[in-house]
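The chain contents come next:
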Amino acid sequence: MADVEFTTASLMAALSRVGEEITVEIVPLVAQAAATHEATVRARYPVGPTGHLQRWITRYQRHRLSWGVRAHAPHVHLFEQGTDARYTSTSRAHRGRMPAAGPIFVTSAVAARAAMLRAAQSVLERHREV
């Protein structure tokens, strides 16, 4: 006859094993969401004479489970938020107006994060044997 142990130590070991299995499944989802966000932003930003808007988008890993995407071109805020009509009084030059392209970076981040959370939720809802 087989013996089955019902101890706190065996339960803790089983829960730890399940937690590691879930972590192994969720880590790629986080990396994939960052890659999707980076690709979406690159595709939606225009290529100007210097190409800085697209080239200065970077994806980086903070920790084992944490990724980040940064758009750090010096003029990215001008592209996304736009400007009013500008006038330089010293040279009497009308610099024009930059129309706002909208919050491309934020909307892409929200969509990528929502997709990642839906995928992670499906991983968590799967039945597992402890």
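Note: the structure precedes this text.
All values reported here derive from a predicted model rather than from experimental measurement.

A. Here's a closer look at helix 4 (residues 104-125). Along its 22 residues, helix 4 runs 32 Å from first to last C-alpha, staying within 8% of the 32 Å computed at 1.5 Å per residue. Buried residues of helix 4: Ile104, Phe105, Ser108, Ala112, Met116, Ala120 and Val123, and no others. Buried residues of helix 4, viewed axially, fall in a sector of 115 degrees; they line one side. Helix 4 presents Val110, Arg118 and Glu125 as exposed residues on the side facing more than 90 degrees away from its buried surface. On its buried face, helix 4 sits against helix 1 (8-44), strand 2 (66-71) and helix 3 (76-81).

B. Fine view of the pattern of salt bridges. Inspection of every chain in the model, using the stated rule, returns 5 salt bridges. The salt bridge partner of Glu25 is Arg126, with a shortest N-O separation of 2.8 Å. One end of the pair, Glu25, is in helix 1; the other, Arg126, is in the segment after helix 4, with 101 residues separating them in the sequence. Relative accessible area serves as the criterion here: at 26%, Glu25 is assigned to the partly exposed category.

C. Highlighting the packing of aromatic side chains. Applying the stated criterion across every chain, the model contains 1 aromatic pair. Residues Tyr45 and Phe79 carry aromatic rings whose centres are separated by 5.3 Å and whose planes lie at 75 degrees to one another, so their mutual orientation is edge-to-face. Pair noted here: Tyr45 is in the loop between helix 1 and helix 2 (52-55) and Phe79 is in helix 3, with a separation of 34 residues, a long-range link. Across the pair, exposure class does not vary: Tyr45 and Phe79 are buried alike.

D. Seen up close, the nonpolar core. Of all hydrophobic cores here, the largest spans 11 residues; its members are Ala34, Val41, Tyr45, Leu53, Ile57, Val69, Ala73, Val76, Phe79, Ile104 and Phe105. Those elements giving two or more residues to this core turn out to be helix 1, helix 3 and helix 4. Look past the residues within four positions of Ile57 in its chain and what remains in contact with it is Glu38, Val41, Arg42, Tyr45, Val69, Arg70 and Ala71. Listed in part, the 8 residues of the second largest apolar core include Val30, Ala33, Met116 and Ala120.

E. Spatial organisation of the pairing of strand 1 (residues 57-63). Looking at chain direction, strand 1 and strand 2 are connected through 6 bridges and run antiparallel. Among the inter-strand pairings, Thr58 is bridged to a residue of strand 2, identified as Arg70. Hairpin connection from strand 1 to strand 2: 2 residues lie between these consecutive antiparallel strands.

F. Spotlight on unusual backbone geometry. Positive phi, close to 50 degrees, is recorded for Arg92, a residue that is not glycine. Within the secondary structure, Arg92 is located in the loop between strand 3 (86-88) and strand 4 (93-96).

G. How the structure looks around helix 1. In a regular helix each residue adds 1.5 Å, so 37 residues correspond to 54 Å; helix 1 covers 53 Å between its end C-alpha atoms and thus fits that length. Residues of helix 1 that are buried include every one of Ala14, Val18, Ile22, Leu29, Val30, Ala33, Ala34, His37, Glu38 and Val41, and no others.

H. Summary view of the environment of Thr83. Position of Thr83 relative to the elements: it lies in the loop between helix 3 and strand 3. Separated by 77 residues in the primary sequence, Thr83 and Phe6 have C-alpha atoms spaced 67 Å apart. Residues in contact with Thr83, not counting those within four places in the same chain, are Leu78, Arg97 and Met98.

Each value, and the rule that gives it
- The numbering scheme is per chain: residues are counted from 1 as the chain's sequence reads.
- Two thresholds apply to this predicted model, a pLDDT of at least 70 for residue-level local features and 80 or more for giving and counting side-chain atom pairs, whereas whole-chain, interface and lining totals are computed over all residues.
- The side-chain figures draw on all heavy atoms in the structure; neither hydrogens nor water molecules are used.
- Helical segments are the DSSP runs of H or I of at least four residues, strand segments are the runs of E of at least two, and each set is numbered from the N terminus.
- To estimate the expected span of a helix, subtract one from its residue number and multiply by 1.5 Å.
- Working definition: with a 1.4 Å probe on protein chains only, accessible area under 20% of the residue-type maximum means buried, over 50% means exposed, and in between means partly exposed.
- Taking the helix axis as origin, the arc is that swept by the directions to the C-beta atoms.
- When checking whether two residues touch, look at their non-hydrogen atoms; a contact exists if any pair is within 4.5 Å.
- Salt bridges are defined as contacts in which a side-chain nitrogen from Lys or Arg sits within 4 Å of a carboxyl oxygen from Asp or Glu.
- When the centres of two rings from Phe, Tyr and Trp lie within 6.5 Å, Trp using its six-membered ring, the rings pair. Their planes under 30 degrees apart give stacked, over 60 give edge-to-face, and anything left gives tilted.
- We call a set of buried residues a nonpolar core when its members are Ala, Val, Leu, Ile, Met, Phe, Trp, Tyr or Cys and they connect through side-chain atoms within 4.5 Å of each other.
- At least two bridges found by DSSP between two strands are what make those strands a pair.

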